[in-house]
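What follows is each chain in one-letter form.
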Amino acid sequence: ERIGVLGIPFSKGQSRVGTEYGPEVLRNGGIVRKLQNLGCHVKDHGDVEVIHVENDDPEENAKNPRTVGQTSKLIADKVEQVLRSDDICVTLGGDHSMAIGCIAGNARVEPDLVVLWIDAHADINTPMTSDSGNIHGMPLSFLVHELESYVPKLPGFEWLSPCIHAKDIAYIGLRDVDAGERKIIEKFGITAFSMQEVDKYGINEVVERALRAVDPEGKRPIHLSFDVDAMDPTLTPSTGTPVIGGLSLRETYYIAEEVARTGRLSMVDVAEVNPLLGDDKDKKLTVDMTISVIQRFFGNRRGG
Ligand SMILES: N[C@](CCCC[B-](O)(O)O)(CCN1CCCCC1)C(=O)O
Ligand SMILES: [Mn+2]
Ligand SMILES: [Mn+2]
Ligand SMILES: [Mn+2]
C-alpha cells in the first residue's frame, strides 16, 4: 500500500509540554524507513501547521479552544489531502485532541468508517463532564452525532460537524474512565472492552468482538486511533497520563496484526508520545515500542 505519514506537533489539548516533539522523536526513531523496509511505499508529508491563538481563554471549561479548534481544521484538511493521494494515512502526534481533525478528515474521504480507539481512557468527556478541561480527554464528544446536543459549539470549532455514530466506535484497553464518560458509554451503547474484558476473554476474543460489533459484514474502512498510554507504562513510560495495568506488547501486536489482516485499515493515529517525560531510557523505550507496534499494522508479522 501507499502510506502517507503526517506529523502533528501539537500539545494544546493538554497541559504538559512535550507532545509537540512526538513527530520528531518518532521520525528520528526511524519510523518512515522501517515502514519502507516492509516494502511499503511511504511518503512523508511533513508536519501540519499548528495555530497558536493569543489570549485563548477557556470556554465552557475547555482550555485553548480556539488553538485546538483552528489547528484541528488544518489537520482535517491535510488528512483529506493525504488520503486523496495515498491509501493509508499515519499521523504522528501530538496529544490526542489531534483525533478530532484526523477523524473529521478521514470521514470526508471514507464516510462509512468505523473507529477503533485503543486507549487507557475513553476520551469522550464533553466540556461539561470533564474535570480537567483538557480537550485531549474530549475528542470523540465533538465527533459523535448522538452527542451534538450535549456539546456546546466552542470558538474555533465552527467548521466541525459530527461525522460518526456511537455504534461505529469500539474501545480496547480502557482502565481510567470518568463518571460522565461511563454514563455516555452506557447511554449510547458504545462498544467498550476494558482491561477487565481483555483479562476475561483474552485479546483474540476482544479484537474479534470489537470488529464484529462495529462492522459485522467486514466491509467498512477502519480508523485506528492509538494512544500509546493504552500500553502498560513499563513499555511506554514517556506519556502524559500513564495508567498501570495496561496492554502487553504481545496484546498490542495482536491488535495491530488482526487489524492489518482485515485489509481495510484507512488511518492510524499515534498519540500522546511525550519525550520530555521520564529519562532518556524511558524516551527510547517509548519510541521503540511504539514504532514496533506501528510496523505490525503494515505487514511486519511475527510469523513472517
Ligand atoms: N479523562 C481524563 C484524562 C484524559 C486523558 C486523555 B488521553 O487519553 O488522550 O491521554 C482524566 C481526568 N481526571 C484526572 C484526575 C483524576 C481523575 C480523572 C481527562 O482529563 O478528561
Ligand atoms: Mn489515554
Ligand atoms: Mn452520519
Ligand atoms: Mn487518548
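These figures come from a predicted structure and were not determined experimentally.

Trainee: Just checking my understanding: could you explain the coordination of the manganese ion (ligand 2) for this structure?
Mentor: When a metal holds four donors in a tetrahedron, each ideal angle between them is 109.5 degrees; when it holds six in an octahedron, the ideal angles are 90 or 180 degrees. Around the manganese ion (ligand 2), the protein supplies Asp-119 (OD), His-121 (ND1), Asp-227 (OD), Asp-229 (OD) and Asp-229 (OD) as donor atoms, at distances of 2.1 to 2.4 Å. Read N to C, the donor residues that coordinate the manganese ion (ligand 2) are spaced as D-x1-H-x105-D-x1-D. Between the manganese ion (ligand 2) and the manganese ion (ligand 4), both coordinated by Asp-119, there is a metal-metal distance of 3.3 Å. Of the two residues, His-121 sits in the loop between β4 (114–118) and β5 (169–174) while Asp-227 sits in strand β7 (residues 222–227), which places them 106 residues apart along the sequence. Grouping residues by exposure puts His-121 and Asp-227 together as buried.

Trainee: In this structure, what is going on with a nonpolar patch on the surface? I would like to understand it.
Mentor: On the surface, a nonpolar cluster with roughly 290 Å² of combined accessible area is contributed by Val-17, Tyr-21 and Leu-276. Locating Tyr-21 in the fold gives a position in the loop between β1 (2–8) and α1 (22–28). By relative accessible area, which is 36% here, Tyr-21 ends up partly exposed.

Trainee: When you look at the sheet that holds β4 in this model, what are you seeing that I'm missing?
Mentor: Adjacent strands of a sheet form backbone hydrogen bonds with each other and so pair up, either parallel or antiparallel. Across the sheet, which stays open at both edges, the 8 strands sit in the order β2-β1-β3-β8-β7-β4-β5-β6 with parallel pairing between neighbours. Every other strand in the sheet has two partners, leaving β2 (41–47) and β6 (191–194) as the edge strands with one partner each. Shown here is a sheet whose adjacent strand axes are inclined to one another by a mean of 15°, direction ignored. Summarising the sheet, β1 and β2 pair through 5 bridges and their orientation is parallel. The residue bridging Ile-3 from the neighbouring strand is Val-42, located in β2. In the packing of helix α4 (residues 98–109) onto the sheet, contacts are made with β1, β3 (88–93), β4, β7 and β8 (265–271), and the angle to β8 comes to roughly 170°. Set on the sheet, helix α7 (residues 203–214) makes contact with β4, β5, β6 and β7; between it and β5 the angle comes to about 160°.

Trainee: What am I meant to see in the site of ligand 1 here?
Mentor: The environment of ligand 1 is formed by 14 residues, the closest being Asp-123, Asp-131, Ser-132, Asp-178 and Asp-227. Asp-119 is positioned such that a nitrogen or oxygen atom in its side chain is 3.2 Å from an oxygen atom of ligand 1. A distance of 3.1 Å is found between an oxygen atom of ligand 1 and a side-chain nitrogen or oxygen belonging to His-121. Structurally, ligand 1 is housed in the largest pocket. Split by residue class, the shell around ligand 1 holds no nonpolar, 7 polar and 7 charged.

Trainee: How should α4 be read in this particular structure?
Mentor: Note on helix geometry: an α-helix contains 3.6 residues per turn, so any two residues three or four positions apart are oriented the same way. Its 12 residues place the ends of α4 17 Å apart at the C-alpha level, agreeing with the 16 Å of an ideal helix rising 1.5 Å per residue. α4 sits mainly inside the fold: 10 of its 12 residues count as buried. Where α4 is concerned, the buried positions are Met-98, Ala-99, Ile-100, Gly-101, Cys-102, Ile-103, Ala-104, Gly-105, Asn-106 and Ala-107. Looking at the buried residues of α4, the elements they touch are β1, α3 (65–85), β3, β4, β7 and β8.

Trainee: Even after reading the chapter, I still don't get the coordination of the manganese ion (ligand 4), so can you show me in this structure?
Mentor: Taken together, the protein donors to the manganese ion (ligand 4) comprise His-96 (ND1), Asp-119 (OD), Asp-123 (OD) and Asp-227 (OD), at separations of 2.1 to 2.2 Å. Here the manganese ion (ligand 4) binds 6 donor atoms, and the angle range of 61 to 172° at the metal identifies the geometry as irregular. For the manganese ion (ligand 4), the single-chain donor residues occur in sequence as H-x22-D-x3-D-x103-D.

Trainee: Please explain the pattern of salt bridges as it appears in this structure.
Mentor: Close approach of charged atoms lets side chains of opposite charge pair. Applying the stated criterion to the full structure yields 21 salt bridges. Between Asp-47 and Arg-27 there is a salt bridge whose closest N-O contact spans 2.8 Å. Taken as a pair, Asp-47 in strand β2 and Arg-27 in helix α1 lie far apart in primary sequence, 20 residues in all. Linking Lys-219 and Glu-217 is a salt bridge whose minimum nitrogen-to-oxygen distance equals 3.3 Å. Considered together, Lys-219 and Glu-217 belong to a single accessibility category, that of exposed residues. Put simply, Lys-73, Asp-77, Glu-80, Arg-84 and Arg-108 are held in one network by salt bridges that share partners.

The rules behind the values
Residues numbered from 1 in each chain as written. Chains lettered and ligands numbered in written order. Predicted model: local features only at pLDDT ≥ 70, side-chain atom pairs only at ≥ 80, totals over all residues. Heavy atoms only, no water. Donors = N, O, S within 2.8 Å, 3.2 Å for Na, K, Ca; no water. Helix = DSSP H or I, 4+ residues; strand = E, 2+ residues; numbered from the N terminus. Buried < 20%, exposed > 50% of the residue type's maximum accessible area, 1.4 Å probe, protein only. Patch = residues over 30% accessible without salt bridge, like charges linked within 9 Å, V, L, I, M, F, W, Y side chains within 5 Å. Areas by Shrake-Rupley, 256 points an atom, 1.4 Å probe, with all protein chains shown as cover. Salt bridge = Lys/Arg side-chain N within 4 Å of Asp/Glu carboxyl O. Pairing = 2+ DSSP bridges. Axes fitted to C-alpha atoms, helices over the stretch in contact; angles between N-to-C directions. Contact = heavy atoms within 4.5 Å. Near = heavy atom within 4 Å. Polar contact = N/O pair within 3.5 Å; in protein donor to acceptor, adjacent residues only side chain to side chain. 1 Å grid on protein atoms, 1.4 Å probe; cavity = no way out; pocket = protein on both sides within 12 Å on 5 of 7 lines; lining within 4 Å. Sits in = over half its atoms within 2 Å of the grid points. Nonpolar A, V, L, I, M, F, W, Y, C, P; charged D, E, K, R; others polar. Expected span 1.5 Å × (residues − 1). Tetrahedral: all angles 85-135°; square planar, octahedral: opposite > 155°, others 65-115°.

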